[in-house]
Amino acid sequence: MISLKINNIDVKGKEGDMILDVAKRYGIDIPHFCKNDRLERIGACRICVVEAKGQQKLIASCCTPIREGMEINTHSRRVMEARRTNMELLLANHDLNCVTCKKNLSCKLQRYAEEMMIDEITFSGDKRLYEVDHSSISIRRDNNKCILCGQCTRICNDIQTVNAIGIQNRGFHNKIAPPFGMNMHESACVNCGQCVIACPTGALTEKSDIQGVIDALRSDKFLIAQTAPSIRATLGECFGMPPGTPVTGKMVTALREAGFDKVFDTDLAADICIIEEATEFIKRFKENKDLPLITTCCPAWIKFGEQFFFEELHHMSSCRSPQAIMASLIKTYYAEKIGKKPEDIVLVDIMPCTAKKFEIKRPEFTGEADFVLTTVELGKLFKLLNVDFINLEESDFDNPLGESTGAAAIFGHTGGVMEAALRTAADWLTGEDLKEIDYKKIRSMDTLKEAELTIGGKQIKACVVHTLGEARRLLEQIRQGTCPYHFIEIMACYGGCIGGGGQPLPTDKERLIKRTKALIDEDEHKDIRKSHHNKSAIKLYKEYLGDFGGKKAHKLLHTEYYKRDYV
Ligand code: FES
């Protein structure tokens, strides 16, 4: 351990720890913009500067390692003045339209300006004026609010390897944008929203569908909401609840109070997704054909594959995502059941993810889901409609599309889809109701996890990756014929859906672990924990869908993919 003093307090840290991280552990908050735990520290914004005794220059605490005997002052007069100057320079170029900004009250720039008591900006000069980019279905880009911290481009390029945005132009005209003058829609953007999560200001935000939903709620249409598996573990954070607080019952009640006629559970569709995907996997595994099979619940990964790995698309499961399965069932099976025309039903999908906004606009899904609200948007909708979320009673989902198993509950975290699929595949391969197999290996936050299972005398090699850079490495292996796996789960976002681009901030590792635990707890407390034991799903096949993987199931529950040239 290394001993040092921060603000005259004796502290300790490990070799390689940075000053900022050690300070944080001791409750000392140093402002920072460009530091991101998932990225290399580059010390670009200089807002985190501190004073080290014996050193003439101020140092960036985010990327300066601690040394034995150091004496650090994080809030000396010199430090405060330097920080204030940096802040004023950033604000001098900013449009300062905070009241109308979507990050109002959750913006770091705003928070620091308030904490540093900046009520006047002493620098003046030409403001850069940019047109707001509304072209994307999922993401709004406003360079007038950008402070050039670079986190968004580094996430997009280094972690996701999508390269949709980068720093364009030089000097005063520097800006974050797609290359060659393209807008977001024309770019390679896969809509994952990881840039939105990284952005400390309102420069990158989700495209809002709240007004459209409010208009629908005021219409005479029949309103249905479906809620994705991860939302119940994250929505509470929008109302100040600790991360990982399960709020399923309150969420259902709140949606009814908001005016929805029915509230269905996407988890049921997750169970159906597993039934179809396991059927597909077993067929391919027995025939040893088109392996590995890759799961396709994540729309950002699907667009990534369509853009960069078209030759490998036959490895993707043809099964729709749970969102798209539920949308299909609501506008066919359920509409018929209640005697309504599909166009008289407005379906609002509550999703963790900005890419779901893109997914529902795919031509294959026309006429199904009408709107996607992210978790954050749903929180805002409830506040707007004065729904007293915290004090609500709990209630259950509506039926017949509201029953789900523990296997569906874990869809929301990395490894969950694979675990759910293997539970069913293992039973079907052996013809037995197997006791729980240990899936701990694929529950961790590692970005690549492997599991080798021996089931019924046969070996299944499974792999789980999250983040698209990790997926790219695996897909390159498939392209070269060196991939050793039979079955792969890919999720674009770090942590899976609990870390999606529409989830409450921050989405740091600590918080993601708590959200994951909430989903695992839900699974462990369910009586039924395998998708193929879901009674409502089985009844649905008997009444309406026919055989697992059969003709009608294929028509309603599967889809296809195609080559994309970045649009
Ligand atoms: Fe340290 Fe930006 S946070 S330089």
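Higher on the page you've got the structure.
1. Some details on the side chain of Ser-404
So, step 1. Mapping Ser-404 onto the fold places it in the loop between helix H12 (375–384) and helix H13 (406–409).
So, step 2. The buried category is assigned to Ser-404, whose relative accessible area is 9%.
So, step 3. Side-chain polar atoms of Ser-404 contact the side chain of Asp-265, separated by 3.5 Å.
So, step 4. When sequence neighbours within four positions are dropped, the list of residues in contact with Ser-404 reads Asp-265, Asp-267, Leu-268, Asp-271, Lys-526 and Asn-534.

2. Some thoughts on empty space enclosed by the protein
So, step 1. Applying the stated criterion across every chain yields a total of five cavities of 30 Å³ or more.
So, step 2. A volume near 240 Å³ is recorded for the largest cavity.
So, step 3. Taken together, the residues of the lining of the largest cavity break down into 15 nonpolar, six polar and one charged.

3. Observations regarding the sheet that holds strand S10 (residues 222–227)
So, step 1. Taken in spatial order, the four strands line up as S11-S10-S13-S14 in an open sheet, and their pairing is parallel. At either margin of the open sheet sits one strand with a lone partner, and together these are strand S11 (262–265) and strand S14 (371–374). The mean angle between the axes of side-by-side strands here comes to 25°, regardless of whether they run parallel or antiparallel.
So, step 2. Bridging between S10 and S11 involves four bridges; their strand directions are parallel.

4. Concerning the pattern of salt bridges
So, step 1. One pass over the full model with this rule turns up 44 salt bridges.
So, step 2. Asp-21 is the partner of Lys-35 in a salt bridge, and the nearest nitrogen-oxygen pair spans 3.8 Å. With a gap of 14 residues between them, Lys-35 in the loop between helix H1 (19–25) and strand S3 (49–52) and Asp-21 in helix H1 connect regions that are remote in the sequence. Here Lys-35 and Asp-21 have matching classes, each one buried.
So, step 3. Salt-bridge contacts for Asp-523 lead to Arg-423; the nearest nitrogen and oxygen are separated by 2.8 Å. A residue pair is termed long-range when its members are at least 10 positions apart, and Asp-523 in helix H16 (residues 509–524) and Arg-423 in helix H14 (residues 416–430) qualify at 100 residues. Comparing Asp-523 with Arg-423 shows no difference in burial state: the two are buried.

What counts, and at which threshold
Residues numbered from 1 in each chain as written. Predicted model: local features only at pLDDT ≥ 70, side-chain atom pairs only at ≥ 80, totals over all residues. Heavy atoms only, no water. Helix = DSSP H or I, 4+ residues; strand = E, 2+ residues; numbered from the N terminus. Buried < 20%, exposed > 50% of the residue type's maximum accessible area, 1.4 Å probe, protein only. Polar contact = N/O pair within 3.5 Å; in protein donor to acceptor, adjacent residues only side chain to side chain. Contact = heavy atoms within 4.5 Å. 1 Å grid on protein atoms, 1.4 Å probe; cavity = no way out; pocket = protein on both sides within 12 Å on 5 of 7 lines; lining within 4 Å. Points joined across faces, edges and corners; volume = space filled by probe spheres on them. Nonpolar A, V, L, I, M, F, W, Y, C, P; charged D, E, K, R; others polar. Pairing = 2+ DSSP bridges. Axes fitted to C-alpha atoms, helices over the stretch in contact; angles between N-to-C directions. Salt bridge = Lys/Arg side-chain N within 4 Å of Asp/Glu carboxyl O.

Read these as geometric descriptors, not functional statements.
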